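What follows is the residue order along each chain.
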Amino acid sequence: MSTSTAPHTMTASNTTPASASATSAGFTPAPGHTPTVLITGCSSGFGLDAARLFLDRGWQVIATMRTPQPDLLPRSERLRILPLDVTREDSIEACLREAGPIDALVNNAGVGMLAPLEGTSLAAARELFQTNTLGTIAMTQAVLPQFRERRAGVVVNVTSAVTLKPLPLLSVYTASKVAVNAFTESVALELAPFDVRMRLVLPGRAPTTRFGANAQSRMGGSVPEAYASFVQSVFAGVPGTKALTTQSEDVAEAVWRAVTDVDAPMRIPAGADAVAMAG
Ligand SMILES: NC(=O)c1ccc[n+]([C@@H]2O[C@H](COP(=O)([O-])OP(=O)(O)OC[C@H]3O[C@@H](n4cnc5c(N)ncnc54)[C@H](OP(=O)(O)O)[C@@H]3O)[C@@H](O)[C@H]2O)c1
């Protein structure tokens, strides 16, 4: 359990990343300090793999889940699993109180939605923004006082490569993620004087996580008749198994880089398709 109040300092250096330690390019923990990362949405997919990777590399990990499942990750003295629903202020407050000081926040929790706009209720759009956009803003706001006071810390927001290119049936989802890109790049400017960093990870399409099924279920069978053949043609055009895709591990590595490499760019595409889209 992390009880340390002596945080790392982050300095630019040419150190080669050490794959099995908390020390990495540009990230120099203070002597005796094991840095702590808090990751949202660790019950599956990218969040679960990112938690695993930070544990493997010697960090203290606070893996948060709406419904904590203790057996998903290997047992470790450096692992804590805490309940967190990013849409609820009381849940955020309780989680951060329990977490204590942290060095990095990864806003990964998110939900998808695949539907024509005319088949999307405003209630569904609000719910999506509550998680993807306002959840990220709320979590960021909640950790900033400790980062600013310590003049150290990094917030990594997981958005999507769909923000790089307009795609049909993803209007509300893309809007929720583009908003996070703009939010992150703007707030990064006001945090730079306090040595607090913000970064974006933009994953490509990862068919192996639960995300696609969740997004499709949000169609709710409500495709208006006028869009039926269009929707069918979009599904028929979904790239086959040989197309470039993203693996969950690609995203975990990109998150690691975003947290530990002070020289990493603001936007880090994750996965072969995302890298291709970013040009
Ligand atoms: N997979 C893709 O193709 C893809 C591509 C680009 C970007 N992304 C983004 O990557 C992130 C992770 O996606 P993934 O593929 O790993 O999907 P996933 O397997 O569906 O995981 C999403 C995670 O978010 C959690 N979550 C949902 N609503 C939450 C809330 N209100 N509070 C806290 N946690 C919540 C889920 O928890 P529960 O188990 O409680 O639902 C789950 O742990 C998302 O932000 C997504 O938008 C995904």
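Residues numbered from 1 in each chain as written. Predicted model: local features only at pLDDT ≥ 70, side-chain atom pairs only at ≥ 80, totals over all residues.

Counting secondary structure elements, the protein chain contains 8 helices and 9 strands. Counting only contacts in the protein chain whose residues sit at least 6 apart along the sequence, the fraction spanning at least 24 positions is 70%. (Helix = DSSP H or I, 4+ residues; strand = E, 2+ residues; numbered from the N terminus. Contact = placed C-beta atoms within 7 Å.)

For the rest of this paragraph, the subject is the confidence of the model for the protein chain. Mean pLDDT for the protein chain: 90, with 88% of residues reaching 70 or above. Within the protein chain, no element has a lower average pLDDT than strand 1 (residues 9–10), which sits at 44, and none a higher one than strand 7 (residues 154–158), at 99. Long-range and interchain partners of residues 1–20, a stretch whose pLDDT sits below 50, account for 52 contacts in this model, where long-range means more than four residues apart. (pLDDT = per-residue confidence, 0-100.)

So, about the site of the ligand. Neighbouring the ligand are 30 residues, the closest being Gly41, Gly45, Gly110, Thr209 and Phe211. It is helix 1 (residues 45–56) that provides the largest number of residues to the shell around the ligand, a total of 3 residues. (Near = placed C-beta within 6 Å.)

Between its first and last C-alpha atoms helix 3 (residues 122–150) spans 41 Å; for 29 residues at 1.5 Å apiece the expected length is 42 Å, and the two agree. Within helix 3, the axis deviates most sharply at glutamine 130, by approximately 40°. Buried residues belonging to helix 3 abut helix 2 (89–99), strand 6 (104–107), strand 7 and helix 4 (171–191). One or two residues past the end of helix 3 sits arginine 151, with phi positive at roughly 55°. (Expected span 1.5 Å × (residues − 1). Bend = angle between axes of the 7 residues up to and from the residue.)

Hydrogen bonds between backbone groups are what pair the strands of a sheet, and the pairing can be parallel or antiparallel. One open sheet accounts for 7 strands, arranged 5-4-3-6-7-8-9; its pairing is parallel. Edge positions in the sheet fall to strand 5 (79–83) and strand 9 (267–270), since each of these pairs with one other strand and no more. Between one strand axis and the next, the sheet turns through 20° on average, direction left out of account. Helix 2 rests against strand 3 (36–39), strand 4 (60–65) and strand 5 of the sheet, and its axis sits at about 160° to strand 5. (Pairing = 2+ DSSP bridges. Axes fitted to C-alpha atoms, helices over the stretch in contact; angles between N-to-C directions.)

With that out of the way, let us pick up unusual backbone geometry. In this structure, arginine 151 is a non-glycine residue whose phi angle is positive, near 55°. The phi angle at leucine 169 is positive, at roughly 70°, despite the residue not being glycine. Within the secondary structure, leucine 169 is located in the loop between strand 7 and helix 4.

Formed by 60 residues in total, the largest nonpolar core has its most connected members in Val37, Ala50, Val106, Val156, Val201 and Val255. Counting residues per element, this core draws most heavily on helix 7 (residues 248–260), which supplies 7 residues. Setting aside chain neighbours within four positions, we find valine 255 in contact with Ala50, Val106, Val156 and Val201. (Core = buried A, V, L, I, M, F, W, Y, C linked by C-beta atoms within 7 Å. Buried ≥ 20, exposed ≤ 12 C-beta atoms within 10 Å, placed from the backbone.)

As a further point, take the packing of helix 2 against helix 3. As a packed pair, helix 2 and helix 3 sit with axes 11 Å apart at the nearest point and diverge in direction by 35°. In the packing of helix 2 onto helix 3, the handedness of the crossing is right-handed. Residues Glu89, Ile92 and Leu96 of helix 2 form the contact with helix 3, whose participating residues are Ala138, Met139, Ala142 and Val143. Split into classes, the residues belonging to the contact of helix 2 with helix 3 amount to 6 nonpolar, no polar and 1 charged. (Left-handed = near helix turned anticlockwise from the far one by under 90°. Nonpolar A, V, L, I, M, F, W, Y, C, P; charged D, E, K, R; others polar.)

On to the environment of histidine 33. In this structure, histidine 33 sits in the loop between strand 2 (27–28) and strand 3. Taking C-alpha positions, histidine 33 is 9.8 Å from tryptophan 59, a pair spaced 26 residues apart along the chain.

A separate point is the pairing of strand 3. What you see with strand 3 is no split at all: Thr36 and Leu38 on one side and Val37 and Ile39 on the other are buried throughout. Relative to strand 4, strand 3 runs parallel, the two sharing 4 bridges. Its bridge partner being in strand 4, valine 37 is matched across the sheet by valine 61. Tracing the backbone out of strand 3, into helix 1 and back to the parallel element strand 4 gives a crossover that is right-handed. Alignment of strand 3 against strand 6, held across 3 bridges, turns out to be parallel. Residue valine 37 lies in a different strand from strand 6, and its bridge partner there is alanine 104. (Right-handed = clockwise from strand over helix to strand, strands pointing away.)

With respect to the helices and strands, the residue glutamate 149 is situated in helix 3. For glutamate 149 and phenylalanine 194, which are 45 residues apart along the polypeptide, the C-alpha to C-alpha distance reads 8.1 Å.

Turning to the pairing of strand 6, a few remarks are in order. Across a regular strand the side chains alternate sides, sitting on one face of the sheet and then on the other. Burial along strand 6 is two-sided: the face carrying Ala104 and Val106 and the face carrying Leu105 and Asn107 are both buried. For strand 6 and strand 7, the ladder comprises 4 bridges, and the chain directions are parallel. Within strand 7, the position partnered with alanine 104 by the bridge is valine 154. A crossover links strand 6 with its parallel partner strand 7, the connecting element being helix 3, and its sense is right-handed.

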